[in-house]
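# Observations on chain architecture
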Amino acid sequence: MARPVTREVKLKNGFYIELRRRGENKGIKIWRETYDQIQSAIKRYDNMYDVHYVGEVKDGKILKS
């Protein structure tokens, strides 16, 4: 068994979506540089996963969208 993570996760500047399997609470975050790229990623993964738009991240903080 591995040790748990002890330091904060730093998010890169850009746009994020979260992909979850149907009915699950946790997922993985996908990063793209531009809003157009994130929109195409949403279309790509929409039929396989529950896709949740997280928003834009600047300087490690999620901006309200």
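Preceding block: the structure.
Residues numbered from 1 in each chain as written. Predicted model: local features only at pLDDT ≥ 70, side-chain atom pairs only at ≥ 80, totals over all residues. Heavy atoms only, no water.

## Considerations on the pattern of salt bridges
The final tally for this structure, using the stated rule, is two salt bridges. The partner of Glu-18 in a salt bridge is Arg-20, with the nearest N and O atoms 3.1 Å apart. Owing to a relative accessible area of 12%, Glu-18 belongs among the buried residues under this scheme. Look at Arg-20 and you get partly exposed, because its relative accessible area is 21%. (Salt bridge = Lys/Arg side-chain N within 4 Å of Asp/Glu carboxyl O. Buried < 20%, exposed > 50% of the residue type's maximum accessible area, 1.4 Å probe, protein only.)

## Some details on the packing of aromatic side chains
Counting across every chain of the model gives three aromatic pairs. On the basis of an interplanar angle of 70 degrees and a centroid distance of 5.8 Å, the ring pair of Phe-15 and Tyr-35 is categorised as edge-to-face. Separated by 20 residues along the polypeptide, Phe-15 in strand β1 (residues 14-20) and Tyr-35 in helix α1 (residues 35-45) bring together distant segments of the chain. Note on Tyr-35: relative accessible area 43%, which makes it partly exposed. Measuring from ring centre to ring centre gives 6.3 Å for Tyr-35 and Tyr-53, while their planes differ by 85 degrees; the resulting arrangement is edge-to-face. With Tyr-35 in helix α1 and Tyr-53 in strand β3 (residues 50-58), this residue pair connects regions lying 18 residues apart in the sequence. Owing to a relative accessible area of 32%, Tyr-53 belongs among the partly exposed residues under this scheme. An aromatic cluster is present here, built from Phe-15, Tyr-35 and Tyr-53 joined pairwise through their rings. Against the face of Trp-31 rests Lys-12, its NZ or CZ located 3.9 Å from the ring centre. (Phe/Tyr/Trp six-rings, centres within 6.5 Å; stacked < 30°, edge-to-face > 60°. Helix = DSSP H or I, 4+ residues; strand = E, 2+ residues; numbered from the N terminus. Lys NZ or Arg CZ within 6 Å of the ring centre and 35° of its normal.)

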